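A look at the structure
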Amino acid sequence: MAKKELGSVYNPQGLQEKWYPLWEKEGYFDYHKNTGKADADLKPEDCYSIVIPPPNVTGSLHLGHALNHTLQDILIRHQRMLGKAALWVPGTDHAGIATQNVVERLLAKEGLRREDMGREKFEERVWQWKAESGGMITHQQRQLGESVNWDMERFTMDEGLSHIVRRVFVQLYNEGLIYRGERMINWCPKDQTALSNIEVEYKEIGGHLYYVRYPLEGAEHDGKKYLLVATTRPETILGDEALAVHPEDERYKHLKGAKAKVPFLNKLIPIVFDDSVDKEFGTGVVKITPAHDFNDFATGTRHNLPLTNVMTDSAHMNDLAGPYKGLSREACRKKIVEDLGAWTHQSAGGQDVLGAGAEGGLIEKIEPHRHSVGHSYRSGAVVEPRLSLQWFVKIRPLADKAVNAVTSGATQFYPKRWENLFFDWMNKIEDWCISRQLWWGHQVPAWYCSDCEGVTVSVSDATECSHCKSKNIKRDKDVLDTWFSSALWPFSTLMPQEIAEIENVWPSRSPSASGTSPASGGGREGDYPAPRSPLLDNFYPTSTLVTGFDIIFFWVSRMLMMGMHFMHKTPFEKVIIHSLVRDANRQKMSKSKGNVVNPLEKMDEYGTDAFRFFLISIMPDGKDIIYDEARLKGYQAFCNKIWNTARFILMNTPEAYELPKAAPKLSAIDEYVLRELDVAIAKCDAALEGFYFADYALAIYDFLWKTFCDQYIEMSKVALKDDSMRDGALYTLYTVFRAALRLLHPAMPFITEELASVLPGGDAKLLTVSAWPKAGAHAPTAAADNHTAIMLELAGKIRQVRAELSVEPGAKIAVHVMLEDASAADFVRSHSAFLVSLARLGEVKFDKPATKMIHAVLRKGVEVYLDLAGSIDIEREKGRLEKEIISIEKGRQAAQAKLDSPQFADRAPAELVEAEKQKLADYNTRLDRVRDMLSSLS
Ligand SMILES: [Zn+2]
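This report concerns the structure included in the present document. (Residues numbered from 1 in each chain as written. Predicted model: local features only at pLDDT ≥ 70, side-chain atom pairs only at ≥ 80, totals over all residues. Heavy atoms only, no water.)

A short note on the coordination of the zinc ion
For a metal with four donors in a tetrahedral arrangement, the ideal angle between donors is 109.5 degrees, while six donors in an octahedron ideally sit at 90 or 180 degrees. Around the zinc ion, the protein supplies Cys449 (SG), Cys452 (SG), Cys465 (SG) and Cys468 (SG) as donor atoms, at distances of 2.2 to 2.3 Å. The site at the zinc ion holds four donor atoms, and with the angles between them running 103 to 114°, its shape is tetrahedral. For the zinc ion, the donor residues sit on a single chain with the sequence spacing C-x2-C-x12-C-x2-C. A residue pair is termed long-range when its members are at least 10 positions apart, and Cys449 in strand β18 (residues 446–449) and Cys465 in the loop between β19 (455–457) and β20 (473–475) qualify at 16 residues. Looking at Cys449, the relative accessible area reads 5%, which means it is buried. (Donors = N, O, S within 2.8 Å, 3.2 Å for Na, K, Ca; no water. Tetrahedral: all angles 85-135°; square planar, octahedral: opposite > 155°, others 65-115°. Helix = DSSP H or I, 4+ residues; strand = E, 2+ residues; numbered from the N terminus. Buried < 20%, exposed > 50% of the residue type's maximum accessible area, 1.4 Å probe, protein only.)

Spelled out as structure tokens, the structure:
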């Protein structure tokens, strides 16, 4: 076989453009091709699967995706190399609000509004947008090298997935687990839709506490004719239905049966006594606005208060707001505060309503007040709690199943500590509001009858009322929360996609036929059989889910609920939770801070392989991930190093070289590096098994760079020139390098594929589908191993001293090696040519030098003398080292002072304190080393 060529310069872009289309076109990501088996012939234990967290169809690849997808690709590539039928399902999410907003903005540029177009036309427009510009991210996923099964690509609004959404909705409804009800919900006035509780972000903001006087009717308090009430939202005064005090608040006991008057509206409201009132807040009297506040709604329900909604969908004041009608809630607040202050007895028709001494009208005082206010996580608008008729999932029975999946161990979190947060959240979970007032999404499959007012819920479009058979029915306008369909993702993606086929694998069973009452919410497994298909049998539960901690609530828990309920099995066995990537100052990346890193630019600049490797290297177990571009540069250098290593090997390979089937005679150093390879394989196996991605990166990096390149390659330069050792060295170079490329492949797919393809001695398969290396193939004698290690240690020490004392790299110095152990000494003597090559020596002697030399003791019985006379200016070096000691001392003292300062030790984040401690330790090590060097010079 003729030797292949390898370009003299590493060009990552060229490799990416060469290999990805080939992998994809040839079907290398398809497990059918790799295993040679049809779905029906596979067994679940031969299968490994991951479903991708579907990115928004509007999205483009950001740093979070890049990290998340790289981790999944590493797992999938690893399992594929282990011989598993590895399935990675890609796809995108229709992303209700986000997509609707994108298309509405485009329409606005054309002077169009969706309301004028009508629903059908608008939906057509969104689909058109999706066909043209949606899914840019799938192109970017290819740039990242993701080995997903593209022929299984799904979209949450595909016909099949949409059908499954309806099946799920109808079944939950029949089981009594979906209901429609009037509840307080979080309303986004900007997007004009309901939000679920977890879509609301609470932010501390500066506001005011307004002390408002409510005139009393037929009672007095503290000698005054009014009650003072503190509120943060005076605009809701118009919807007040009561004032409330704590039943045990002595100050207000006498007010039982009294009434107060709502300012501006001639409306009398009761004073109620309720345990929920905080006696310490404000004056101990609170206003109750049942239609505009979650707590007030609950209080109102307990006291049978009316619900008065004073706002429109866009949070403007409505008809019930009297003179304030039409104002935005913000403008109304301003106006009401002004009016309250300007109120006089004349405004009340000259009556003495407040009594003497009530200066300042109806407002007594205004205090600055910080409080937590809910904002829409998407639009950023202040959320308006609001009474609304919405669809809900009765969550408790489902949440209990999700908790079960985790307590039983069927699903395990990595790191495990995330389980606590999950349990905590599942404990306090409330019913899930699933209807959204949007046009883009899965429209609620419910129809309302104008004749009998009955609700018909149906998988196929209803044509008549299921109660009275009237044709006079209208479909619900709302769509389902985007997370409703993504909650089904692990099984909906693995189902057949044709509706008839879905019905085949998922038999319907009417709940009434099996005797379950729809209202009981207690469908048994037998009543609702799970779908069965070869794909589901083999790949469900999926093996691993990889996701960011920020969507444990939104997504992970809901997939657990729906998977447990519909499949009667957990959707995934292992959940890997990773952190966010933060900037070098540990700040969250955001557009507004201008610190966002675009992964596509970095991939262009440094190459995808270096970028992927960088991402996993900076990922400590469960902690924050800090973006440090210097390291990214370092991994680009690593790629160059690997490239040049391959070139070195090729250059030293004879024409028509074939790797022998059996190992030729091997030298001790060959055995040594083969043994070290086994250690590296074991380390990589353990790291990937436990999802310690950074450990995996470190293991292969250290082995390739330090052991293989810095040590073995240097020594092989001697062996390749020696007839008695050449065959062994060539065999070892190829065996080790090929195995190392396979170890590295999941992290750096492109460069490894290229290098493996030009090196002779492969098994003709592409690396993507070749076997993962096995540890334990080579077991050299322990003694030779130990002796090689001593020789490498000596070489390392000599190199270090050379570097410390700035000895010319080309200077061939002489050393005297002193080894107490006779067999070790024999070994190093007989292998001294290697030491010469490793440490760039002129000569190695084994006696004690007669003249004074630099002396280094590695440990008892292992010493080396370096003859540097003529290579360095001893006096100058001494001066330099002394200066260096002073500078290190300075740094060391500064670090110590910082750590000693109570301000730093108590207040700085733990990671910063840890980093400072590490700095101090580094100074100390360095100081010892330099002092050591200085003393060896004197
Ligand atoms: Zn009807």
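Details of the pattern of salt bridges
Scanning the entire structure with this criterion turns up 58 salt bridges. With a shortest N-O distance of 2.8 Å, Arg329 and Glu384 are connected by a salt bridge. Of this pair, Arg329 sits in helix α10 (residues 329–342) while Glu384 sits in strand β14 (residues 384–393), and the two are 55 residues apart along the sequence. Judged by relative accessible area, which is 8%, Arg329 ranks as buried. With a relative accessible area of 2%, Glu384 lands in the buried category. Measuring nitrogen to oxygen at the nearest pair gives 3.9 Å for the salt bridge that ties Lys845 to Glu843. Several salt bridges converge on common partners, so that one network encompasses Arg233, Glu235, Arg329, Glu330, Arg333 and Glu384. (Salt bridge = Lys/Arg side-chain N within 4 Å of Asp/Glu carboxyl O.)

Notes on the pairing of strand β22 (residues 542–548)
For β22, the buried fraction is high: seven of the seven residues fall into the buried class. Bridge count between β22 and strand β23 (residues 572–578): six bridges; the pairing is parallel. Its bridge partner lying in β23, Val546 is registered against Ile576. Following the backbone out of β22, through helix α17 (residues 552–567) and into the adjacent parallel β23, one traces a crossover that is right-handed. (Pairing = 2+ DSSP bridges. Right-handed = clockwise from strand over helix to strand, strands pointing away.)

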